[in-house]
Each structure stands twice: as structure tokens, then as C-alpha cells.
Amino acid sequence: MAYFELRAASYPVTERLLLLAYLCSMPVPFADLASRIDPTWTLFLDRDGVLNKHRPDDYVKNWDEWEWIPGSAAAIARLTGHFRYLIVITNQQGVGKGLMTEQDLVHIHTQMELSVRGIGGELDAVYFCSDLSSDPEHQRKPRPDMGLAAQQDFEGIDFARSIMVGDSSSDMEFGRNLGMTTVRIGPDPEGALQNPHTDFAFRTLAEFADAVLAAS
Ligand SMILES: [Mg+2]
């Protein structure tokens, strides 16, 4: 940076402004963000496609159908304590469609939380929206309702010190709507960064955890 400042000082004003604009448009390296994370930060996690594998054209309707993405449960355990809160935020309209009951869904989440606890991790809460997307009153992501509910329930959640990790554009929009940093999970991180609501991208939650912990 000192190099650029030195060179900039010798440029005419217009060119200095252009250089400044260029520098401001450069993406901030993830390590810069990760080094600022401390135990006042909150990590919001999408569920399907981040913690567990998607079931194509279907929903996880019971615990037998749950399949962890390798390394995801361990990633939660590794990040526990690094953040103040770890909170899952998930759209589950399979309930609204009548494919499972709310009780089935709560049972799945209880098993998920117990699995994480079994390897030394802790999820603070799971917020789900079982409304249909066709319901005009729904509170599904990317609407901010579930994030605002978490902020009501847990003292000290500051969205400027929060990260939303998800595998869909609606997760990125949800995080953006609340002023969080957004991280997209998926097989094509380069492509994911084309979405203007995505700040950073990793292939898996495990890789995200590696990057967070490498900077601490
Ligand atoms: Mg998802």
C-alpha cells in the first residue's frame, strides 16, 4: 500500500483520483475480514446445501434422510467459540406443502443440534420459515424477518459484525438486506462472485472455517 501511496503522490490530481477509485473497487481479501472477527460476531448459517446435502426435488423429511456434507458438522464445532452466536436460518416450505409436519422438522433440528454437540460444537438457535413462497405474508429469506427475530432474541447481535453463509442467491440477498457480510458456498466460487450480493465464496463450509481460523 505504501508503494501505491508513494506513486500516487507523484501523479496529477485526476490520475490520483482514478487510482483511488481503482483501489476502492478492489475486493477486500477474506483474510482482512477474518482477522477482524472476534467473539462479538455472529455467524448465520443456511441449512440445506451448507450443512446437509440437498435432496433433488425433495425435502429432508426425517432424520434418516439427513446427510451431512463432509466436514460441515466439524466446521461448526471448530467455529464454536470463535463467534458469539451460531444461528441457522432456513426456509422449509416442505411443511407448508404438507410433506412433513412442523414436529418432524423440529425433530430433525434437534438431532442436528445433538450431532453437533456430540463433537464439541454448539448451535445457539435454528429459525425456520415453513410458509409457502406463494403466501404473500411469508417470512422466508430473502425477507429479513428471521434475522430480525434472532436479533430480538439474542442480545448483542450486530449485523455489521455478522456473516451470512448460504448456497443460494436468496441467502446472499437476505444477508445484504440486513447489512451482513455474505459468503456463498458451492462448487463454483468464481462464478458465485458474479452475484453482486456475494462478498466471498468457498466450496464448502469446511473451507470457509479453514479460512476463518487461518486468519485468527
Ligand atoms: Mg440452501
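Structure first, text after, so check above.
For the structure given in this document, a descriptive report is provided here.

Parameters and conventions
- Residues numbered from 1 in each chain as written.
- Predicted model: local features only at pLDDT ≥ 70, side-chain atom pairs only at ≥ 80, totals over all residues.
- Core = buried A, V, L, I, M, F, W, Y, C linked by C-beta atoms within 7 Å.
- Buried ≥ 20, exposed ≤ 12 C-beta atoms within 10 Å, placed from the backbone.
- Helix = DSSP H or I, 4+ residues; strand = E, 2+ residues; numbered from the N terminus.
- Contact = placed C-beta atoms within 7 Å.
- Axes fitted to C-alpha atoms, helices over the stretch in contact; angles between N-to-C directions.
- Parallel < 35°, antiparallel > 145°, perpendicular 65-115°, else oblique.
- Left-handed = near helix turned anticlockwise from the far one by under 90°.
- Nonpolar A, V, L, I, M, F, W, Y, C, P; charged D, E, K, R; others polar.

Turning our attention to the nonpolar core. In this structure, Phe44, Leu86 and Val165 are the most contacted members of the largest nonpolar core, which totals 45 residues. The element contributing the most residues to this core is strand E2 (residues 85-91), with 5 residues. The residues contacting Leu86, other than those within four sequence positions of it, are Leu43, Leu45, Ile76, Leu79, Thr80, Glu122, Leu123 and Asp124.

Considering the arrangement of structural elements, one finds Asp58 in the loop between strand E1 (42-45) and helix H4 (72-79). In this structure, the C-alpha to C-alpha distance between Asp58 and Gly94, residues 36 residues apart in sequence, is 8.2 Å.

The relative placement of two packed helices comes down to the angle between their axes together with the axis-to-axis distance. The geometry of H4 relative to helix H10 (residues 205-214) is characterised by a closest axis approach of 8 Å and an angle of 25 degrees between their N-to-C directions. One element, H4, and the other, H10, form an angle in the roughly parallel class. Once H4 is placed against H10, the crossing between them reads as left-handed. On the side of H4, the interface is formed by Ser72, Ala74, Ala75, Arg78 and Leu79, while H10 contributes Leu205, Ala206, Ala209, Val212 and Leu213. When its residues are assigned to classes, the contact of H4 with H10 shows 8 nonpolar, 1 polar and 1 charged.

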